[in-house]
Structures are given as C-alpha cells and as structure tokens.
Amino acid sequence: MTDTLLRGRILTFHREPADPDDTDAYTYVEDGAVLIRDDLIAASGAFDVVSPDADDATLIDHRPHLLMAGFIDAHIHFPQVQIVASWGSQLLDWLNGYTFPAEAEYANAQHARAMAGQFCGLLADHGTTTAVTFCSVHAASAEALFAEAADRNMRMIAGKTMMDRNAPEAVLDTPQSSYDDSKALIDHWHGQGRASYAITPRFAITSSPAQLELAGALASEHPECFVQTHLSENHDEIAFTAELYPDARDYLDVYESYGLLGPRTLLGHAIHLQEREISAMAELGAHPVFCPTSNLFLGSGLFDEAGLRAQGIQSGIATDIGAGTSYSMLQTLNEGYKILQLQNQKLHALRAFHWITRGNAEVLGLEKKIGTLDVGTEADIVVINARATPAMTLRMTMVESLSEELFVVQMMGDDRAIAQTYIAGQPQKKGVL
Ligand code: GUN
Ligand code: ZN
C-alpha cells in the first residue's frame, strides 16, 4: 500500500496539561505532517522534517486545519441509536419506556447489523475512532457490532449486556446463558484485529446475585478483558439497588463483592458517591466515566471531577448515547465544561482535548496504541476545522492563541468541525479531502 502524508497544523499530547501554559505537555507544530504507513503513524512532526522520507507518499493537504488523534468515547450504547432525545423522564422510567423496547429489536441480527453500520458511521462522522460500547442482551447484537467495526478496521471495545431481571422478557438472559454467550463472544472476538471484549453486566438492578457471580467469574477467567457497568447515576436507582442488595455496604460494594473492580473497570456516571466508594475506587484503580450530556438530559446530577481527581482517581469522559444527546465528543466537552462550572471547577481547553484523546486512552490502558500522533501508534486521526460554521468563523476573528481556538471548538464545534476522520489510515468522510 502506498504511504499517505497528511499536511496541516498538528497537536499531540505527552501527558495531561496542568494549565494552559503547560507547553511541555504537548507538541504543536504550525506546519506539520503525519506520515501514514500500513495503518500506523510512521512519522509525525514538522513538514520539512517528515516530508523528505515521504517521496512516494500521496500528499493530502489539510491546511489550515488541525490534525489530532481520533477521539475516544469511553461509554456509549449502540442499540440506543433510535431513541436519542426521547422526552420527559429520568433514568428508570426512561429505561422502561424507551430503552428496553428499542433494545428488544436487536434480537434480529439483520436489524442489529443495519444499526451497527449507522452507529459506526455516526461515530466516524463525529471524529470518534474508538468507542467503549454496550450492545443489547442478544449475542447477535455484539456479533453485528464487532463485524461492522472489523470491516472498517475500527478499534472497538464492546460487550453483550448481561441482564436477567427487572426488565421485559425480550431483553432478559439467564445467569448461565449470559456467561456462555459472553464467553463465546470473548473467544470469537477479543484480540481479533482491533476488537476487545468488555464484560458487561448492565447494572445492579438488572442482574441477580447469581449473574454477578458469573460476571465475576468471567472477569477472573479473562483478566485481559474490560468490565463495564453503571454506578450511582440516579437517586431512585440507588435506593432500588439498596433494596435488592441489602447486605452491600453501598452501591459500589455490589460490584466489589463479586470481583468486578480493577484498573480495567469502567463505571458509567458515578455521580452520587459515598466516601467509602471513592476510596475503594481509588484503591482498586477502577475508572468512573463522566457522561455530561446524559447527566443533564436525564437530570441525574453533577459529576464531581475535581473531587475524584483529588483522591487520585482518573475518570474517563463519554457521550452515553442514547441518554446522551450528541455523538460529538466536542459537545460532550461543552456540556462537561458547564457541569464543572456549576461546581466552581475548571476544564480548560488543552486539558479537555487531552481528555478525549490521550486521557481516555490512558483510562483504557491503550495509550501506546491510540490517543496520540506518536510514531508506531495506530493512524486514527481527526482533522478539525475551527471555522466550520458562520458563528465559529466570526468568533475566530478574535482568537489569538491555540488554547483560545481549541476552546471555540470545544464549545461551538460538532460534526461540522470534523473535516475528516482517518481510521487506521483510511479517510471516512467521502468526497472530502
Ligand atoms: N443504567 C442502566 N442502563 C442504562 C442505560 O442504558 N443508560 C443510562 N444512562 N444508564 C443506565
Ligand atoms: Zn450507559
């Protein structure tokens, strides 16, 4: 395959910037280039330095746009693509009224495959190149998603949801079938190309103790897999969980006591936490995942990013489609900024862009593979246009620095600001440079 040389401004992070002046945390090159060879980044840096090694490469000139690592969404539900923006309820009513009926359709493999195509296309259009994804309870839905991602050579972390109670029959499994199906999916997909498996008990309310026991068994039999679930999103959810697990010290303890917590565990929402839960999470290295648009949409509450950070906890950030209202990690940062503002916390633009790239990669333990423009990493790249709309163009007339420009993109950008997305070196937006 011939090499591809992308030219444009480039930005990549080496660690989380402490503040906007922490220039050692990143590399920014005005006239930069990224050389793509065999799905990987073969070189990146100044155009003058990279281009002599790229004689035979196809040159794509993205100037004046900004090249950055592809975005990573740390929590999203693929069978909820058709219920984004469903009106009026908080978590438990929203699940019963909209979510479970929609997810029941994913027993049909053809429907699942069609929606997997839509889902991956939407991710790419919004600049997301890796997603950590809940499928439905049906093994067919996970098969469909992994197959679609494999066709696109897209990095995908996903799992069949395990749920055996407190939902309609059409979206229930049993402890044993959930174990068997998850195991078969792990054998089929985990480590195949860019696929990783996430063991996925939906949340405490929809899993019996017998099912969580088997989820814990899977986690110990497959320490290379991720674990994903939900934690302390909503007050009614927390109260119902306490009724269902009266012996648990708190919500986290339900998962803890079944061996489901570790550095590869992702806990969606984690809003209403007790002191003990926070220290246990820190000790076990589990990662909360902040889902700003979802938390506002369902009226769930305000994620305490600074409080968790102060305890040494590293949080991910995610859209949580379909309770989340946008596929865009830029819009996710926009609403995340406002949630932190309400608590007198700050999310400056450099830290924000680190978070949706290298930061989420670190949360997944994948920073050697994705999340930067470093040589040898996978060529997942977004091309950002800070003048994508008339309002952004007007705002940009006043912008004087990189961090100001990034803040405009963070607050005003969406899929229109993604001029192109490369997944493993392949452009995803057709008819666009
Ligand atoms: N808790 C359990 N399932 C879900 C879900 O699908 N979405 C959200 N936001 N919370 C959940
Ligand atoms: Zn979720």
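Look above for the structure.
The rules behind each value
- Residues numbered from 1 in each chain as written.
- Chains lettered and ligands numbered in written order.
- Predicted model: local features only at pLDDT ≥ 70, side-chain atom pairs only at ≥ 80, totals over all residues.
- Heavy atoms only, no water.
- Helix = DSSP H or I, 4+ residues; strand = E, 2+ residues; numbered from the N terminus.
- Buried < 20%, exposed > 50% of the residue type's maximum accessible area, 1.4 Å probe, protein only.
- Areas by Shrake-Rupley, 256 points an atom, 1.4 Å probe, with all protein chains shown as cover.
- Near = heavy atom within 4 Å.
- Polar contact = N/O pair within 3.5 Å; in protein donor to acceptor, adjacent residues only side chain to side chain.
- Nonpolar A, V, L, I, M, F, W, Y, C, P; charged D, E, K, R; others polar.
- Axes fitted to C-alpha atoms, helices over the stretch in contact; angles between N-to-C directions.
- Parallel < 35°, antiparallel > 145°, perpendicular 65-115°, else oblique.
- Contact = heavy atoms within 4.5 Å.
- Pairing = 2+ DSSP bridges.
- Donors = N, O, S within 2.8 Å, 3.2 Å for Na, K, Ca; no water.
- Tetrahedral: all angles 85-135°; square planar, octahedral: opposite > 155°, others 65-115°.
- Phe/Tyr/Trp six-rings, centres within 6.5 Å; stacked < 30°, edge-to-face > 60°.
- Lys NZ or Arg CZ within 6 Å of the ring centre and 35° of its normal.
- Right-handed = clockwise from strand over helix to strand, strands pointing away.
- Salt bridge = Lys/Arg side-chain N within 4 Å of Asp/Glu carboxyl O.
- Left-handed = near helix turned anticlockwise from the far one by under 90°.

**Q** Whenever I open this one, the overall build of the chain confuses me. Can you help?
**A** Helices and strands together make up the secondary structure of the chain, namely 15 helices and 16 strands. Its C-alpha atoms give the chain principal-axis dimensions of about 65 × 45 × 40 Å. Counting all 433 residues of the chain, 61% fall into the buried class. For the chain, the accessible surface area stands at approximately 15800 Å², while carbon and sulfur atoms represent 51% of it.

**Q** Teacher, can you tell me more about the site of ligand 1 here?
**A** The full set close to ligand 1 counts 13 residues, and His 77, Gln 80, Arg 202, Glu 233 and Asp 320 are the nearest of them. Separating a nitrogen atom of ligand 1 from a side-chain N or O atom of His 269 is a distance of 3.4 Å. When the free accessible area of ligand 1 is taken as 280 Å², the share hidden by the protein chains comes to 100%. With three residues, the single largest contributor to the shell around ligand 1 is helix H2 (residues 91–104). Residues belonging to the shell around ligand 1 are distributed by class as follows: five nonpolar, five polar and three charged.

**Q** Just checking my understanding: could you explain the packing of helix H12 (residues 329–341) against helix H15 (residues 402–412) for this structure?
**A** A pair of packed helices is characterised by two quantities: the angle between their axes and the separation of those axes. Across the interface, H12 lies against H15 with an axial gap of 6 Å and an inter-helix angle of 95 degrees. With respect to their mutual orientation, H12 and H15 come out roughly perpendicular. Mapping the contact onto sequence places Leu 330, Gln 331, Leu 333, Asn 334, Tyr 337 and Lys 338 in H12 and Phe 407, Val 409, Gln 410, Met 411 and Met 412 in H15. Of the residues in the contact of H12 with H15, the class split is seven nonpolar, three polar and one charged.

**Q** Help me out: how do you make sense of the sheet that holds strand S1 (residues 4–13) in this one?
**A** Hydrogen bonds between backbone groups are what pair the strands of a sheet, and the pairing can be parallel or antiparallel. The strand order across the open sheet formed by seven strands is S3-S2-S1-S4-S14-S15-S16, and the pairing between neighbours is mixed. Only two strands of the sheet have a single partner each, and these edge strands are strand S3 (40–46) and strand S16 (426–427). Two strands pair when backbone bridges link them, and strand S4 (residues 58–69) and strand S14 (residues 381–384) are joined in this way by four bridges, in the antiparallel orientation. Counted as the bridge partner of Leu 66 is Ile 384 from S14.

**Q** I would appreciate a short explanation of the coordination of the zinc ion (ligand 2) in the present structure.
**A** Six octahedral donors around a metal ideally make angles of 90 or 180 degrees; four tetrahedral donors ideally make 109.5 degrees. On the protein side, the zinc ion (ligand 2) has His 75 (NE2), His 77 (NE2), His 230 (NE2) and Asp 320 (OD) as donor atoms, found 2.0 to 2.6 Å from it. Metal-centred angles of 89 to 165 degrees between the four donor atoms at the zinc ion (ligand 2) mark the site as irregular. Read N to C, the donor residues that coordinate the zinc ion (ligand 2) are spaced as H-x1-H-x152-H-x89-D. With His 77 in strand S5 (residues 71–77) and His 230 in strand S10 (residues 226–231), this pair connects stretches of sequence that are 153 residues apart. Classification of His 77 by relative accessible area gives buried; the value is 4%.

**Q** Can you walk me through the packing of aromatic side chains in this structure?
**A** Any pair of aromatic rings gets described here by the distance separating the centres and the angle formed by the planes. Here the structure, examined in full by the defined rule, presents nine aromatic pairs. When the centroid spacing of 6.2 Å and the interplanar angle of 35 degrees are considered together, the rings of Phe 146 and Tyr 197 count as tilted. Taken together, the residues span a long stretch of sequence, with Phe 146 in helix H4 (residues 139–152) and Tyr 197 in strand S9 (residues 195–201) at a distance of 51 residues. Accessibility assignment for this pair places Phe 146 and Tyr 197 in one class, buried. Here a set of aromatic residues connected by ring pairs shows up, and it is made of Phe 78, Tyr 106 and Phe 119. Above the ring of Phe 47, the side-chain terminus of Arg 7 is found at 3.6 Å from the ring centroid. The ring centre of Phe 226 lies 4.2 Å from the NZ or CZ of Arg 264, which sits over that ring.

**Q** I keep staring at the pairing of strand S11 (residues 265–269) and nothing clicks. Help me out?
**A** Regular strands place their side chains on alternate faces of the sheet. Within S11, five of the five residues are buried, which leaves it mostly tucked inside the rest of the structure. Pairing between S11 and strand S12 (residues 287–290): three bridges, direction parallel. Its bridge partner lying in S12, Leu 266 is registered against His 287. Between S11 and its parallel partner S12, the chain crosses via helix H9 (residues 275–284), and the hand of that crossover is right-handed.

**Q** Would you mind showing me how to read the side chain of Thr 129 here?
**A** Turning to its location among the elements, Thr 129 is positioned in strand S6 (residues 128–134). Residues contacting Thr 129, with those up to four places away along its chain left out, are Gly 70, Phe 71, Met 154, Arg 155, Asp 380, Thr 421, Tyr 422 and Ile 423.

**Q** Any chance you could explain the pattern of salt bridges here in plain terms?
**A** Any two side chains of opposite charge can pair, given that their charged atoms come close. With the rule as written, the count across this model stands at 24 salt bridges. As a salt-bridge pair, Asp 31 and Arg 7 come within 2.7 Å of each other at their nearest N and O atoms. Here Arg 7 lies in strand S1 and Asp 31 lies in strand S2 (residues 26–37), a separation of 24 residues in the sequence. A salt bridge links Asp 250 to Arg 276, with the shortest nitrogen-to-oxygen separation between them at 2.6 Å. Separated by 26 residues along the polypeptide, Asp 250 in the loop between helix H7 (235–244) and helix H8 (251–257) and Arg 276 in helix H9 bring together distant segments of the chain. The structure contains a network of salt bridges with shared partners spanning Arg 249, Asp 250, Asp 253, Glu 256 and Arg 276.

**Q** Would you mind going over the packing of helix H13 (residues 349–363) against H15 with me for this structure?
**A** Two elements in contact, H13 and H15, have axes separated by 8 Å at closest approach and are oriented at 60 degrees. Viewed along their axes, H13 and H15 adopt a mutual orientation that is oblique. Considering how the two elements wind past one another, H13 and H15 form a crossing that is left-handed. Here Ala 349, Leu 350, Ala 352 and Phe 353 of H13 come into contact with H15, specifically with Leu 402, Ser 403, Leu 406, Phe 407, Val 409 and Gln 410. Residue composition of the contact of H13 with H15, grouped by class: eight nonpolar, two polar and no charged.

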